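The primary structure of each chain is shown beneath.
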Amino acid sequence: MYEAHSLHESLSQFDSGTSALVTGEGSTGRVYDALTEVAENEAAILITTDDDARTALAALSERGMPTDRLAIVDATGGDRNDTTVEGVPVRRLSSPADLTGISLEFSKLLAGFQDSGYEKVRVGFASLSTLLMYAELRTVFRFLHVFSSRIRSAELLAVFAVNPGMHEPKTMSTIRTVFDCEVRIGEGVQGTGYV
Amino acid sequence: MATEGTVLIVEDETELVEVYAHWLADRYEVRTSTSGTAALDTLDESVGVVLLDRRLPGGSGDDILPKIRERAPGVRVAMVTAVEPDFDILTMGFDAYLTKPVDREELVSTVNRLVSRSAYSELERELFALVSKRAVLEGSKSPHALESNEEMQSVNARIASIREAMDDELPAVDDDDLVTLVRDAPRCSRDV
């Protein structure tokens, strides 16, 4: 796994099929930034466990995200049941622990975009930290491994947010195995500046 | 422990049973049952895949499914049905579906796929155990000491080899693989 320090410059260099981990404070915001850079012939799917669909959409719109080719999987477990928010398709799940549901709804949204002619789709996941609070590490590991393999097979791009300070070093070490690369925010430690 | 070699066909139309068995016989050991109850008698942990007709006399495929899972927890079940079901059917516990009339290529490739998924799943368990072990090693030594540590090197080598084996089993992961492999994820670290 290699490290990068600027998400923006990294994304444009990522090969298709890459799953990237974004770590540090503000990682969710960086995931939103990554989605906002969606290209013309590309669609975007956000899987959110922290901000509900409406809040996430507001944050994306603020960044100038085009919303005509965006879909959201809202796993925050709120009690809303609308299937679109301001024209953006939303699929809702009862809990961040419903990894099967997340996988299912993601697959359906992906198929929808592919049927509409989008060959490229970028996926944002905010955040892994919440997932780890609701589900066992064992289950999350399986999910991440298979999900990132799916991303690789379909030649998509996925960016996952996590806050390492919330987890044991052993947990972070296990999670990191799954990812192709990691972008660390706010760490000038490596000496090449920070975003 | 389910081996990958045995397929149980549960189908009441005898001509179909013979055809399916013939298609699978050069790669797999085949058992057959013409009803759900007979299937449960024939089923044991050496069966890797069950082909289950959704409409069976004396009880639908859907009703038998939980009992199949009880008897042989790791078994993969492909439903054979006249009508294409919703993609959501995978969350019910089926691993794949085939719509009638089933052709040879479809049947064989579906069975092969389910066997690969089982193998991939086993490898993933080993991977998790090794990755966890590595995480413990990392916590107990300095980065410098780790570089020359033999146990660490051995663990890393095994991890690399398992990942290669997983890629060989499922070179391309599709939506069905994603949903079913996540659905069947072990819940607890101690289960591995």
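Residues numbered from 1 in each chain as written. Chains lettered and ligands numbered in written order. Predicted model: local features only at pLDDT ≥ 70, side-chain atom pairs only at ≥ 80, totals over all residues. Heavy atoms only, no water.

### Remarks on the interface of chain B and chain A
What counts is decided by this rule: It only takes one pair of heavy atoms within 4.5 Å for two residues to be counted as in contact. Accessible area, probed at 1.4 Å, shrinks when two parts are joined; the buried area is that loss added up over both. A side-chain nitrogen of Lys or Arg and a carboxyl oxygen of Asp or Glu constitute a salt bridge if their distance falls within 4 Å. By the criterion applied in these results, polar contacts are pairs of N or O atoms within 3.5 Å in which, for protein atoms, one can donate a hydrogen and the other can accept it, and in which residues neighboring in sequence qualify only through two side-chain atoms. In DSSP terms, a helix is any run of H or I states spanning at least four residues, a strand is any run of E spanning at least two, and both are numbered starting from the N terminus.
With 34 residues of chain B at the interface, the matching set in chain A holds 26 residues. Of the roughly 2,700 Å² buried at the junction of chain B and chain A (both faces included), carbon and sulfur atoms supply 60%. Of all residues in chain B, the largest losses of buried area upon contact with chain A belong to Phe128(B), Leu178(B) and Val182(B), amounting jointly to 21% of the total for that side. Counting every contact that joins chain B to chain A gives 4 salt bridges. Residue Glu124(B) is joined to Arg142(A) by a salt bridge in which the shortest nitrogen-to-oxygen separation is 2.9 Å. At the boundary of chain B and chain A, one finds 14 residue pairs in polar contact (both at pLDDT 80 or more). For the side of chain B that touches chain A, the secondary-structure elements that each account for two or more residues are helix H4 (104-140), helix H6 (150-169) and helix H7 (175-183) of chain B. Among the elements that take part in the side of chain B that touches chain A, H4(B) stands out by supplying 11 residues, more than any other.

### Points about the nonpolar core
Here is the rule: Nonpolar cores are built from buried Ala, Val, Leu, Ile, Met, Phe, Trp, Tyr and Cys residues. Side-chain atoms within 4.5 Å join them into one set. Only protein chains enter the accessibility calculation, which uses a 1.4 Å probe; a residue whose area is less than 20% of its type maximum is buried, one above 50% is exposed, and one in between is partly exposed.
One finds Phe106(A) and Leu128(A) to be the most contacted residues of the largest nonpolar core, which totals 56 residues. Of the residues forming this core, the biggest block, 8 residues, is contributed by helix H6 (residues 137-153) of chain A. Within the second largest apolar cluster, 22 residues are counted, among which are Val47(B), Ile64(B), Leu65(B) and Ile68(B).

### What about the pattern of salt bridges?
Residue and element names in this part refer to chain A. One pass over the full model with this rule turns up 31 salt bridges over all chains. Between Asp-68 and Arg-69 there is a salt bridge whose closest N-O contact spans 3.0 Å. Salt-bridge contacts for Glu-182 lead to Arg-176; the nearest nitrogen and oxygen are separated by 2.6 Å. By relative accessible area, Glu-182 is classed as buried at 1%. Each member of the salt-bridge network shares a partner with another, and the members are Arg-54, Asp-74, Asp-82, Glu-86 and Arg-92.

### Looking at the sheet that holds strand S4 (residues 76-81) of chain B
Residue and element names in this part refer to chain B. Note the cut-off: Two strands pair under a simple rule: DSSP has to find at least two bridges between them. Convention adopted: a line fitted to C-alpha atoms gives each axis, helices being fitted over their contacting stretch, and angles between N-to-C directions are expressed from 0 to 180 degrees.
On the basis of which strands lie adjacent, the open sheet formed by 5 strands has the order S2-S1-S3-S4-S5 and parallel pairing. Only two strands of the sheet have a single neighbouring strand rather than two, namely strand S2 (29-33) and strand S5 (96-99). Across the sheet, the mean angle from the axis of one strand to that of its neighbour is 20 degrees, orientation sign disregarded. Against the sheet, helix H1 (residues 14-24) engages strand S1 (6-10), S2, strand S3 (47-53) and S4, with an angle of about 165 degrees to S1. The strands that helix H3 (residues 61-71) touches are S3 and S4; relative to S3, the one it contacts most, it runs at about 165 degrees.

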